[in-house]
Amino acid sequence: MNHYNHTDDIPDLPAWLERGRQLAANPRLLQDLGRGKTLCLLFFNSSLRTRLSTQKAAMLLGLEVMVMNFGSEGWNLEFADGTRMDGGTAEHIKEAAAVVGQYADLVGIRAFAGLKDREADYAEQVLNGFVRYAGVPILNMESATGHPLQALADALTIDTYRRTARPKVVLSWAPHPRALPQAVANSFVQMMRRMDVDFTVTHPPGYDLAPGVMGGLQPVYDQKEALQGADFVYVKNWSSYTDYGTILNQDPAWMMTADKLGDAYFMHCLPVRRNVVVADAVLDGPRSLVIPLAANRTVSAQLALAHLLETNS
Ligand code: CP
């Protein structure tokens, strides 16, 4: 069974980007592909873009959609095997996932990292619990360690706005008052490593991403040096991977400003904290791609859902 849980689940990226261009030009190109099938979207965490763009994508493919805010409306799930459930958990993932699989042909899951236990987060117990027990294809709508729908929209956007055959793309860490997961940064790095781009990651010491994500790519700790000659600057905060889930640095000098951006394009997955992560002048300026990038979330969800429908039929 094929799932869309990781950027590696894209078998042929250039073909997906080409199909993405076709879907952007003609959103109803595949309007009958999902006819008679049901997609269930389960949210363990908040969302604006993922929830609406995935629903929109499903409707454009002819799917029927059910949405549940599982985090606030579902039972507390148990994941451990052989446990005596006399505590705070009311339902085991084995039954919960299998039951959801009775109602839907495809299931989307959003379940963020807890940021307390790195091993548990990187084991992806919620996402992988549904993969294991639902019996239907699973769509990752941002898990503990990855956001492949976002990364696909990022790739579509860079592909659309590139001015050179091999643009320079920089992922730049930014300060944030709360500890955030590494999921968006992880998937962005994994996607850029597959694209024909000159890719640089810059962050303060202590924010190195997982070695398996970086794949030998060395970060640049000097943001100014990293930004030189950039065509696209993707800004994102993440908490420390090595000192797991902690905030080590809140230096406002890492915020993205119009001066630093120059004539590069600015990208961020949203939501974004103005004048903490990025200055107003960037978000409100002509080089910001945040809105077209959000629009591409619908295309990326169409591509992933179409793949699941076509390869699992
Ligand atoms: N970028 C993104 O996934 O947005 P939401 O968290 O609002 O879905």
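Residues numbered from 1 in each chain as written. Predicted model: local features only at pLDDT ≥ 70, side-chain atom pairs only at ≥ 80, totals over all residues. Heavy atoms only, no water.

**Things to note about the domain arrangement of the protein chain**
Part 1 of the argument: As far as domains go, the protein chain holds domain 1 (7-146 + 296-311) and domain 2 (149-293).
Part 2 of the argument: Just the C-alpha atoms count here: the centres of domain 1 and domain 2 sit 25 Å apart.
Part 3 of the argument: Contact residues are listed per partner, giving 34 residues for domain 1 and 32 residues for domain 2.
Part 4 of the argument: For the pair domain 1 and domain 2, the summed buried surface comes to about 2600 Å²; carbon and sulfur atoms form 61% of the total.
Part 5 of the argument: The largest share of the area that domain 1 buries against domain 2 comes from Leu115, Arg118 and Asn296, three residues that together contribute 27% of it.
Part 6 of the argument: Our count for the contact surface shared by domain 1 and domain 2 stands at one salt bridge. (Domains from an automatic or database assignment. Contact = heavy atoms within 4.5 Å. Buried area = accessible area lost by both parts, 1.4 Å probe. Salt bridge = Lys/Arg side-chain N within 4 Å of Asp/Glu carboxyl O.)

**Some details on the pattern of salt bridges**
Part 1 of the argument: Counted by the stated rule, this structure contains 12 salt bridges.
Part 2 of the argument: Among the ionic pairs, arginine 21 bridges to aspartate 159, the shortest N-O distance being 2.2 Å. With arginine 21 in helix H1 (residues 13-25) and aspartate 159 in helix H7 (residues 148-161), this residue pair connects regions lying 138 residues apart in the sequence.
Part 3 of the argument: Connected through salt bridges with shared partners, the residues Glu18, Arg21, Asp159 and Arg162 form a single ionic network. (Helix = DSSP H or I, 4+ residues; strand = E, 2+ residues; numbered from the N terminus.)

**Some words on the site of the ligand**
Part 1 of the argument: By nearness alone, every residue bordering the ligand is listed as Ser47, Leu48, Arg49, Thr50, Arg110, His147, Gln150, Cys269, Leu270 and Arg297.
Part 2 of the argument: Contacts to the ligand include glutamine 150, whose side-chain N or O atom sits 3.0 Å from a nitrogen atom.
Part 3 of the argument: Contact with the protein chains removes 92% of the 250 Å² of surface that the ligand exposes when unbound.
Part 4 of the argument: Its residues assigned to classes, the shell around the ligand shows three nonpolar, four polar and three charged.
Part 5 of the argument: Two domains each donate at least three residues to the shell around the ligand, and these are domain 1 (7-146 + 296-311) and domain 2 (149-293). (Near = heavy atom within 4 Å. Polar contact = N/O pair within 3.5 Å; in protein donor to acceptor, adjacent residues only side chain to side chain. Areas by Shrake-Rupley, 256 points an atom, 1.4 Å probe, with all protein chains shown as cover. Nonpolar A, V, L, I, M, F, W, Y, C, P; charged D, E, K, R; others polar.)

**Focus on unusual backbone geometry**
In terms of backbone geometry, most residues other than glycine have negative phi values and most peptide bonds are trans.
Part 1 of the argument: The peptide bond linking leucine 270 to proline 271 adopts the cis configuration, its omega dihedral lying at 0°.
Part 2 of the argument: One non-glycine residue, glutamate 124, lies in positive phi territory at about 55°.
Part 3 of the argument: With respect to the helices, strands and loops of the structure, leucine 270 is situated in the loop between strand E10 (265-267) and helix H12 (280-283).

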